[in-house]
Amino acid sequence: MQAFDVLVIGGGASGLRAAIAVKGAGASVALITKVHPLRTNSGLAQGGLNAPLGKDDSAEKFAEDTLAAGDDLCERDIVRAFAQEASRDVIWLEHVGVPFNRSAEGRIDLRQFGSNSRSRTCYTDDRTGHIVLQVLHEQFERLQIPSFEEWFVTSLAVDGSACVGAVALGLRSGKLEPFTARAVILATGGFSRMYLPSTVSLGTTGDGQNLAFTAGARLMDMEMIQFHPTVFPKGQGLLISEATLREGAEIINEKGEPVLESKALTREKICLAMRQATQNGSGALSLDLRRIGKEKLASRFPQTLELAKTVAGIDVTKEPIPIRPVAHRPMGGIETDADGATSVPGMFAVGECACSGLNGAGRLAGNTLTEALVFGRKVGETATRHAKGAPVKGFPGSKLSDEEKRLAALTSGNFSGDSAGKIHSELGQLMNDKVGLVRDGAGLREALERIQSLKERHRKIKLSNSSRIYNYALTSALELGSMLNLAEAVALAAQARSESRGAHRRADFPERDDQNWRCHTVVSLAQGSPQVEKKPVAGGA
Amino acid sequence: MQITFKVYRKDPEKDGKPGRSNYSVELDEEATVLDGLLKIRDEMDDTLAFRASCARGYCGECTMRVNYKACFACTAKVSAFTKKSPEILLDPLRNIPVIKDLVFDWDAFMWNKITAVKPWLEPDESSTNGENLLPDSTMADLRKVMSCYYCGLCDEGCTVLPVDFDFLGPAALTKAYRFVFDPRDKAGRERLKIAEKPKGIWDCVHCFEASEHCPRGIAPTERIISIRDKAFKVGITNEKVARHHTSFAASVKESGWLDEGRLALESEGLTNIKGLMKLLPTAARAMARGKAPIPYLHPKRPGAEQIKKIFEKGEREKK
Ligand SMILES: Cc1cc2nc3c(=O)[nH]c(=O)nc-3n(C[C@H](O)[C@H](O)[C@H](O)COP(=O)(O)OP(=O)(O)OC[C@H]3O[C@@H](n4cnc5c(N)ncnc54)[C@H](O)[C@@H]3O)c2cc1C
Ligand code: SF4
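All chains use their own residue numbering, which begins from 1 and follows the written sequence. Going through the entries in the order they are written, you letter the chains from A and number the ligands from 1. In keeping with the model being predicted, local features are shown solely for residues with a pLDDT of at least 70 and side-chain atom pairs are shown and tallied solely at 80 or more, while totals for entire chains, interfaces and linings include all residues. To obtain the side-chain values, all non-hydrogen atoms of the structure were included, while hydrogens and water were left out.

S.K.: Which residues make up the packing of helix H13 (residues 441–459) of chain A against helix H14 (residues 472–496) of chain A, and what are the values?
M.R.: Residue and element names in this part refer to chain A. The convention used is that axes are lines fitted to C-alpha atoms, helices contributing only their stretch in contact, and that angles between N-to-C directions extend from 0 to 180 degrees. Here a strand is any run of E in DSSP of at least two residues, a helix any run of H or I of at least four, and the numbering for each starts at the N terminus. It is the contact of H13 with H14, at a shortest axis distance of 10 Å, that shows an interaxial angle of 160°. By the angle between their axes, H13 is roughly antiparallel relative to H14. Between H13 and H14 lies a crossing of left-handed hand. When H13 is examined against H14, the residues Leu 444, Arg 445, Leu 448, Ile 451, Gln 452, Leu 454, Lys 455 and His 458 are found in contact with a partner set consisting of Ala 477, Leu 480, Gly 481, Leu 484, Asn 485, Ala 487, Glu 488, Ala 491, Leu 492, Ala 494 and Gln 495. Angle categories: roughly parallel below 35 degrees, roughly antiparallel above 145, roughly perpendicular from 65 to 115, and oblique for all the rest. Crossing handedness is read from the near helix: turned anticlockwise from the far helix by less than a right angle, it gives a left-handed crossing, and turned clockwise, a right-handed one. By the convention used here, residues are in contact when the closest approach between their heavy atoms is within 4.5 Å.

S.K.: Tell me about unusual backbone geometry, and name the residues and values.
M.R.: A cis amide bond, omega -5°, links Leu 196 of chain A with the succeeding residue Pro 197 of chain A. Despite not being glycine, Asn 95 of chain B has its phi angle at roughly 60°, a positive value. Here Asn 95 of chain B is to be found in the loop between strand S5 (87–91) and strand S6 (98–100).

S.K.: An account of the site of ligand 2 is requested, with residue identities and associated values reported.
M.R.: Nearness is defined per residue: one heavy atom within 4 Å of the molecule or strand is enough. By nearness alone, every residue bordering ligand 2 is listed as Cys 148, Tyr 149, Tyr 150, Cys 151, Gly 152, Cys 154, Cys 214, Pro 215, Ile 218 and Pro 220 of chain B. The classification used treats Ala, Val, Leu, Ile, Met, Phe, Trp, Tyr, Cys and Pro as nonpolar, Asp, Glu, Lys and Arg as charged, and all other residues, Gly among them, as polar. In terms of residue class, the shell around ligand 2 is built from 9 nonpolar, 1 polar and no charged.

S.K.: Now, about the sheet that holds S5 of chain B: what can you tell me, with residues and values included?
M.R.: All names here are of chain B. An order of S2-S1-S5-S3-S4 is seen for the 5 strands of this open sheet, with the pairing classed as mixed. At either end of the open sheet lies a strand with only one pairing partner, and these are strand S2 (19–26) and strand S4 (69–72). Taken over all neighbouring pairs, the strand axes of this sheet differ in orientation by 30° on average, direction set aside. In this scheme, strands are said to pair when DSSP sees at least two bridges between them. Where strand S3 (residues 63–66) and S5 come together, 2 bridges link them in antiparallel fashion. If you follow Arg 65 over to S5, its bridge partner there is Asp 91. Set on the sheet, helix H1 (residues 33–44) makes contact with strand S1 (2–9), S2, S3 and S5; between it and S2 the angle comes to about 95°.

S.K.: Which residues make up the nonpolar core, and what are the values?
M.R.: Of all hydrophobic cores here, the largest spans 128 residues; its most connected members are Val 6, Leu 49 and Ile 185 of chain A together with Phe 5, Val 33, Leu 37 and Leu 90 of chain B. Val 6 of chain A has contacts with Val 22, Ser 28, Val 29, Ala 30, Ala 181, Ala 183, Ile 185, Ala 383, Thr 384 and Ala 387 of chain A, leaving out every residue within four places of it along the chain. For our purposes a nonpolar core is just a set of buried Ala, Val, Leu, Ile, Met, Phe, Trp, Tyr and Cys residues, chained together by side-chain atoms within 4.5 Å. For every residue, the accessible area (1.4 Å probe, protein chains only) is compared with the maximum for its type, and the residue is labelled buried under 20%, exposed over 50%, or partly exposed between those bounds.

S.K.: So what about the sheet that holds strand S15 (residues 321–322) of chain A? Which residues, and what values?
M.R.: All names here are of chain A. What the 3 strands build is an open sheet, ordered S13-S14-S15; its pairing is antiparallel. The outermost strands of the open sheet, each flanked by one partner alone, are strand S13 (250–252) and S15. Relative to strand S14 (residues 286–288), S13 is paired through 3 bridges, and the arrangement is antiparallel. Across the sheet, residue Ile 251 finds its bridge partner in S14, namely Leu 287.

S.K.: Kindly report on the site of ligand 1, identifying the contributing residues and their values.
M.R.: Close to ligand 1 lie 37 residues; Thr 40, Ser 42, Gly 48, Glu 352 and Leu 369 of chain A are nearest. The site occupied by ligand 1 is bordered by residues of chains A and B. Within the side chain of Ser 14 of chain A, one N or O atom sits 2.8 Å away from an oxygen atom of ligand 1. The definition of a polar contact used here is a pair of N or O atoms within 3.5 Å, where within protein one atom must be able to donate a hydrogen and the other to accept one, and adjacent residues in sequence count solely through side-chain atom pairs. Within the contact set of ligand 1, an oxygen atom lies 3.4 Å away from a backbone nitrogen or oxygen of Val 35 of chain A. Residue exposure ignores everything except the shown protein chains as possible cover, and the areas themselves are Shrake-Rupley values with a 1.4 Å probe. In the complex, the protein chains occlude 97% of the 1000 Å² of accessible area that ligand 1 would expose alone. Among the secondary structure elements, those contributing two or more residues to the shell around ligand 1 are helix H1 (13–24), strand S2 (29–33), strand S7 (151–159), strand S16 (324–330) and helix H10 (367–389) of chain A. Taken together, the residues of the shell around ligand 1 sort by class into 14 nonpolar, 19 polar and 4 charged.

Below, the structure written as structure tokens:
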């Protein structure tokens, strides 16, 4: 049995940063990830990450912008601490090797991004995620931290009330193995693949949120799903960085006229303006990147040029690219405190899978990678402190054999005829139609009913592939199970919140209702069924 | 459109012998090879193993050969490969151990080799406040190199790897470049020594196939050459190949043409008795064919003085 002080699940920006912090704090640590760290969703980030480094900027202004994007649902103390610490963590990243774009004086250049009121987004062309991820992985390797790559975590081990490890399937060995730890950090990323198309990689299926939820943790603000305005919607969906807007690109209607009155808007507002334009007969919308100019496009957006050509078949220096709002990143996730601790002792969460209240009802563009850095460091330190004081607990005796049985039932060899892919397609469509950018009570009721029937079908899935080695049909079926449980939580929370705020728009409740709804939603399992409750926003106004 | 995929198969739990499965799939005009594979796995054969992650050209995880051409399944449009016939052959990359079907051993092929170049920056622990002030031109060069997808296409095109699988390969050496040319790295000379070890920069034969194959235009071959140049500059010349280069240049500078006898002796090292002994048969053959007259003299070529001046000018400019 593998045993560590701290186990980090997830090899994206958050997980790598957390593992580095644990090692730095002097505990033994290992990382488990279902894909190689350099292939994770973090690598898709383009526009950049925020730090208030400009002369005209301050932590206070950064906090104000973050709070404004969160539409009064952020945890203010958490936002303020985050804004204070951001610069230090981004500078650390520079010291360990990120080749940020530079100003003429050789300083980190800052771009305007989304609804940031100042130029405060540090970037590496339009490949910020790809390069930040590499540098974090470099430092992770420097510390020689054991890394279990292509290991899929199927379950968390809870003994009494504390989280004491996980069970994971080695895709290469085909073996199911227990990992014990005094603290487990979940850094498993988001769940936007429950929408089709979406902007995320194939593995962004909410495994961690579901593992935590079924192990007793609570999910917060699940109804808050950020849609991204500038996405080529065919195929899997190709995000064109919103940073292009502030650098001169325009969203245009069929006649070629700009649609937005201002570009310094939150993503929600841009998406709603686009929807409004389409309803007013604008025809199909597209993004005109030619206005940036060929030279700047080539030097600052090389990846955009390349992928628009290879994926969409469009030369964006010559013609506009069709776009529409597409599901991007949830604000909600596993409920944590300011340091990443969940309600289950020994279980921590960070990054896109977690919800501390930093992002409230809407996220400021460029905050996610900074969040991964700041909270990755913090959660690493907190989990280490916890691990040093926690007693060694045994791995629950039947845990491994229970998991063996569960997987064996799925891979029994009698193909059930129904497939995870078909159910996933239906779910993806359903979420877009009924739990999308704008929702209403009737649609949400229907969504919940249909999610139940999809869950029923999922329960009956049997694979003909009985092998455990690189059995991606098996992992896809498990991922689908996570998405279905979370889709239900999203729809339930969206149904409960009878107002419109941030990313949550209700056609039947179009106004913000501070009297009743300046609070979080929290979903937890009670006797096996999900329940929604309200949770006050701490710190008042 | 109806497409037949003929897919390489190998099952490590059966006899492990390679074979092929054929699948006929209905796909729309816009479909990619990855769309086809996902459909096969989902609806026709759930035992088929292949990797994919970002699914839209960011990450390099789904690298494979499509009709023998190495590329990414997620950006390979089916229509581009079926102009002549509605059949598509799918294979893993060449010269790499295959684990199952299209899943090959990335660890042995690339990740372990990258780890071997100590792929991390040794930061200056004393720098505290604020960022390092650095010119964007230096950073832009690193950004270009770090746009690497780790797709392995340069390694797949490399002409050394098929004869020597232990060669670090262009992908790993390109990763080394990223540190060698990062002014913030404190490992400097030590890192050059890593890249300079057996199976490192000196084993590259400069065939430029890696640069031809790189979809991001990173020019791995040129990066390897730059590391070599830097090794020379800091005086890492005790390797056989480094001696070879120095002797080559000295010979041309002095006589205007290559002195092959001197090159052979100096490349082996004048104190390397064992190495020099190995040269004896070659020298004997050369003598027998009249290529090495006795006494062995290497006369100057006409125009040698001009050639010398060119060298001297170059050397002055370098300083
Ligand atoms: C197209 C795009 C553009 C973006 N642009 C920006 C931007 O400009 N600025 C910004 O700040 N943010 C941006 N983001 C958001 C940001 O990239 C992500 O939110 C962030 O990187 C998430 O990091 P993470 O470490 O939390 O999760 P991820 O990077 O998703 O990592 C999750 C990890 O968990 C592992 N994992 C998951 N489930 C399991 C399991 N069952 N077993 C084992 N391992 C598991 C995965 O293998 C992976 O390693 C963008 C996102 C996308 C998709
Ligand atoms: S250098 Fe080019 S070909 Fe080689 S792995 Fe990187 S992107 Fe691929």
